[in-house]
Amino acid sequence: MEREIRYAAGIDLGGTTVKYAVVDDRGGICFSGSLPTPATAGAEAVAGAVLQAVKACTDHAAAAGLTLDGVGAGTPGVISADGRTVVGGAENIAGWENVPLADIITRASGLAARIDNDANLMALAETMFGAAQGASDVVFLTVGTGIGGGVLIGGRLFGGYRNRGTELGHTVLLADGERCACGACGCLEHYASTSALVRRYRERAERAGKDAGSVDGRKIVEAYRAGEPLALETLEEHWRFLAEGIRSLVNIFAPQKVVVGGGISEAGDFYFDRLREYVAESVIPVCGSHTEIVAARLGNSAGCLGAAGLVFGKR
Ligand SMILES: [Zn+2]
């Protein structure tokens, strides 16, 4: 007999858009959409946008004759350990603190709800449905404007006491480094994010008396492929910085998979080949002997899939 397929709504609240999807328990997306985040309009307006996204999912489920087991939602910031309240720390959404988002969703929809940090849910999604499927111990990094991360230990999301930890982008890379957005100095994010790649390329161009123009991560990768010296130097440095961060994480967690996502991770196999070489040079061999460094597979859908995964997985 075929087992019954379960469905859940997955909401991914970001600083610019609210993505939503109806997801089945194999990671299939039956329906999806997005709407703008009123990020400067206050918590009530943002919660309203989340409820609009939930309603789009429940309307779809009703029309399609699907029963939703619940709603999962990912948001920036620190989430209470019971998975119900946004505590704070979401810098890109004004006033987004002390918001009992899971209760707000349940009240409006009548469905069970759980929430977690967005990067945690991307890690969960990659473990349940993506690049780390089948692994129990996983470190996930998303490399973009900043560096977000999540950790699974023994198949469960690890958040530290009261879910306050796993700020993997704010581990220390250079003790005497430049100031990071978090206020401290020398963070991994400040040196190995895509913004850092662009910033450091621009600095090199300036020193060389060249106009970097409207350079971005993609253009630097293209220039690298074309053998442009500044791009070669800057991308090699990026790999080295990111690899040093990954080395620390491997030495601590000895994960089966380090999953790297974000736009830059789509550069191609050469990106990961080089990254693996740098990590292999410095990691403690016995710590990294079972670790594979792989590209994230779920792209922009990871947030919604992981949010739905909260409903299916009870993690
Ligand atoms: Zn920092």
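On a predicted model such as this, the values are computed, not experimentally measured, just so you know. Here the residue index of a chain counts from 1 through its sequence in written order. Where local features are concerned, this predicted model is filtered to residues with pLDDT of at least 70; where side-chain atom pairs are given and counted, the filter is 80 or more; whole-chain, interface and lining totals use all residues.

Asker: Got a minute to help me understand the nonpolar core in this structure?
Answerer: Soluble globular proteins: nonpolar side chains tend toward being buried together. By convention in this section, buried Ala, Val, Leu, Ile, Met, Phe, Trp, Tyr and Cys residues joined through C-beta atoms within 7 Å make up a nonpolar core. To assign burial, the other C-beta atoms lying within 10 Å of each residue's own C-beta are counted, with C-beta atoms placed from the backbone; 20 or more indicates buried, 12 or fewer indicates exposed, and intermediate counts indicate partly exposed. Formed by 97 residues in total, the largest nonpolar core has its most connected members in Ala-9, Ile-11, Val-50, Ala-73 and Leu-101. The split into domains, and so the bounds of each, comes from an automatic or database assignment of domains. Counting the residues that make up this core, at least three belong to each of domain 1 (7-125 + 301-313) and domain 2 (131-297). When near neighbours in sequence (up to four residues on either side) are disregarded, Ala-73 contacts Ile-11, Leu-13, Val-50, Leu-101, Ile-105, Ala-113, Ile-115 and Ala-307. Each residue gets a C-beta atom placed from its backbone, and two residues are in contact if those atoms lie within 7 Å.

Asker: Would you explain the sheet that holds strand 8 (residues 138-143) in this entry?
Answerer: Within a beta sheet, neighbouring strands are joined by backbone hydrogen bonds and run either parallel or antiparallel to one another. Read across the open sheet, the five strands follow the order 10-9-8-11-12; overall the sheet is mixed. Two strands bound the open sheet, and with one partner strand each, they are strand 10 (156-158) and strand 12 (292-295). Put simply, the sheet's adjacent strands are angled 25 degrees from each other on average, direction ignored. Pairing between strands is defined by DSSP: at least two bridges between them are needed. Strands here are runs of E lasting at least two residues and helices are runs of H or I lasting at least four, both read from the DSSP assignment and numbered beginning at the N terminus. In the sheet, strand 8 pairs with strand 11 (residues 257-261) via five bridges, with the strands oriented parallel. The partner of Val-139 across the bridge, within strand 11, is Val-258. Working convention: axes come from line fits to C-alpha atoms, limited for helices to the stretch in contact. Angles between N-to-C directions cover 0 to 180 degrees. Packed on one face of the sheet, helix 3 (residues 118-129) meets strand 8, strand 9 (147-153), strand 10 and strand 11 and runs near 50 degrees to strand 9.

Asker: What is the right way to read the domain arrangement of the chain from this model?
Answerer: Buried accessible area, meaning the area lost when the parts come together, often serves as the stated size of an interface. Under the domain assignment used here, the chain contains domain 1 (7-125 + 301-313) and domain 2 (131-297). With centres defined by C-alpha atoms, the gap from domain 1 to domain 2 works out at 27 Å. Counting residues at the interface gives 11 residues for domain 1 and 15 residues for domain 2. Those elements that provide at least two residues to the side of domain 1 that touches domain 2 are strand 5 (78-79) and helix 3.

Asker: Which parts of the structure should I look at to understand unusual backbone geometry?
Answerer: Excluding glycine, residues mostly have negative phi values, and the peptide bonds linking residues are mostly trans. Residue Thr-166 is not a glycine yet carries a positive backbone phi of 55 degrees. Among the secondary structure elements, Thr-166 is positioned in the loop between strand 10 and helix 4 (188-192). Positive phi, close to 40 degrees, is recorded for Ala-254, a residue that is not glycine. Note on placement: Ala-254 falls in the loop between helix 7 (229-253) and strand 11.

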